[in-house]
Amino acid sequence: MNRMPAAVEMDVPGPEAEGARRATGASGLGTSRAPAPDPEVPAKVQRRRFPAEYRLRILKQADACKKPGELGALLRREGLYSSLLTNWRRQREQGALRDLRGRRRGPKPRPVDPRVKQLEAENARLQRKLRRADTIITLQKKVAEILGIPLRPLDNDETD
């Protein structure tokens, strides 16, 4: 008896099976593709800075909180941690917050001696006077050249 073997089911990958093997995870249907991720690198987030006035205001509000949960609500509303309050209270007790008011960070300007300012002003005045004298001398040389008046040569200690 010659029997024909029954139809053998073959594992032929269909469109969905093929898409499952893709490295990107996208299905093989082709039309529904996810947008490519943005290659732009996001800017680095800057740390928050709290001026002394803000710290003192928050500490005053925190000290006024008497009911349970008020302090937590204040911290959540302002986006602060309780450890910040601890540090700020310590700074307030040491007087550091009072000293921070109005002070700028970075190197402090050195006090300038009033005599230095006076000498700089005198130097600027003399430089203006020298420029004016140079202009007059240049004009005199041109006039002497036009009129044909010979100029005597400069001495060794006079330089142009």
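Look above for the structure.
What you are looking at is a predicted structure, and each value in this text was computed from that prediction instead of being measured.

Undergrad: Break down the overall build of the protein chain for me, citing the residues and quoting the values.
TA: Within the protein chain, the regular secondary structure consists of six helices and zero strands. Tracing the protein chain from N to C terminus, the helices and strands come up as α-α-α-α-α-α. Within the protein chain, the proportion of its 160 residues that are buried is 11%. In the protein chain, once contacts between residues fewer than 6 apart in sequence are set aside, the share between residues at least 24 apart is 51%.

Undergrad: Let's hear about the packing of helix H2 (residues 52-64) against helix H3 (residues 70-78): which residues, and what values?
TA: In contact at an axis separation of 9 Å, H2 and H3 are set at 155° when each is read in the N-to-C sense. For the element pair H2 / H3, the angle class is roughly antiparallel. Considering how the two elements wind past one another, H2 and H3 form a crossing that is right-handed. Residues Tyr 54, Ile 58, Gln 61, Ala 62 and Ala 64 of H2 form the contact with H3, whose participating residues are Glu 70, Leu 71, Leu 74, Arg 77 and Glu 78. Here the residues of the contact of H2 with H3 sort into six nonpolar, one polar and three charged.

Undergrad: Please set out the packing of aromatic side chains residue by residue, giving values where relevant.
TA: As enumerated under the stated definition, the model contains three aromatic pairs in all. With 5.6 Å between their ring centres and 15° between their planes, Phe 50 and Tyr 54 make a pair best called stacked. In this pair, the class of Phe 50 matches that of Tyr 54, namely buried. Tyr 54 gets classed as buried once you look at its relative accessible area, which sits at 14%. Taken together, Phe 50, Tyr 54 and Trp 88 form an aromatic cluster joined through their ring pairs.

Undergrad: So, H2: which residues are in play, and what are the values?
TA: Helix length check: H2, at 13 residues, gives a terminal C-alpha distance of 18 Å against a target of 18 Å (1.5 Å per residue), a fit within 8%. Among the residues of H2, those classed as buried are Ala 52, Tyr 54, Arg 55, Leu 56, Ile 58, Leu 59 and Ala 62.

Undergrad: Before we move on, could you go through a nonpolar patch on the surface and cite the residues and values that matter?
TA: Side chains of Leu 139, Val 143, Ile 146, Leu 147 and Ile 149 sit close together on the surface and give an oily, nonpolar patch of about 530 Å² of accessible area. Mapped onto the fold, Ile 146 is located in helix H6 (residues 114-147).

Undergrad: So what's going on with the packing of H2 against helix H4 (residues 82-94)? Residues and values would help.
TA: One can describe the packing of H2 onto H4 by two numbers: an axis separation of 10 Å at closest approach and a directional angle of 105°. One way to sum up the angle between H2 and H4 is to call them roughly perpendicular. Contacts from Tyr 54, Arg 55, Leu 56, Ile 58, Leu 59, Ala 62 and Asp 63 of H2 reach H4 at Leu 85, Trp 88, Arg 89, Gln 91 and Arg 92. The class makeup of the residues in the contact of H2 with H4 is seven nonpolar, one polar and four charged.

Undergrad: Let's hear about a positive patch on the surface: which residues, and what values?
TA: Judged by side-chain charge, Arg 125, Arg 128, Lys 129, Arg 131 and Arg 132 come together as a positively charged surface patch. Considering the arrangement of structural elements, one finds Arg 125 in helix H6.

Undergrad: For the nonpolar core, give the residues involved together with the corresponding values.
TA: Counting residues in each nonpolar core, the largest one holds twelve residues, listed as Phe 50, Tyr 54, Leu 56, Ile 58, Leu 59, Ala 62, Leu 74, Leu 75, Leu 80, Leu 85, Trp 88 and Leu 97. Of all the secondary-structure elements, those providing two or more residues to this core are H2, H3 and H4. For this core, the element with the most residues is H2, which contributes five residues. The contact partners of Ile 58, leaving out residues within four places of it in the chain, are Leu 74, Glu 78, Leu 80, Leu 85 and Trp 88.

What counts and how
- Residues numbered from 1 in each chain as written.
- Predicted model: local features only at pLDDT ≥ 70, side-chain atom pairs only at ≥ 80, totals over all residues.
- Heavy atoms only, no water.
- Helix = DSSP H or I, 4+ residues; strand = E, 2+ residues; numbered from the N terminus.
- Buried < 20%, exposed > 50% of the residue type's maximum accessible area, 1.4 Å probe, protein only.
- Contact = heavy atoms within 4.5 Å.
- Axes fitted to C-alpha atoms, helices over the stretch in contact; angles between N-to-C directions.
- Parallel < 35°, antiparallel > 145°, perpendicular 65-115°, else oblique.
- Left-handed = near helix turned anticlockwise from the far one by under 90°.
- Nonpolar A, V, L, I, M, F, W, Y, C, P; charged D, E, K, R; others polar.
- Phe/Tyr/Trp six-rings, centres within 6.5 Å; stacked < 30°, edge-to-face > 60°.
- Expected span 1.5 Å × (residues − 1).
- Patch = residues over 30% accessible without salt bridge, like charges linked within 9 Å, V, L, I, M, F, W, Y side chains within 5 Å.
- Areas by Shrake-Rupley, 256 points an atom, 1.4 Å probe, with all protein chains shown as cover.
- Salt bridge = Lys/Arg side-chain N within 4 Å of Asp/Glu carboxyl O.
- Lys, Arg positive; Asp, Glu negative; His and termini not counted.
- Charge placed at Lys NZ, Arg CZ, Asp CG, Glu CD.
- Core = buried A, V, L, I, M, F, W, Y, C linked by side-chain atoms within 4.5 Å.

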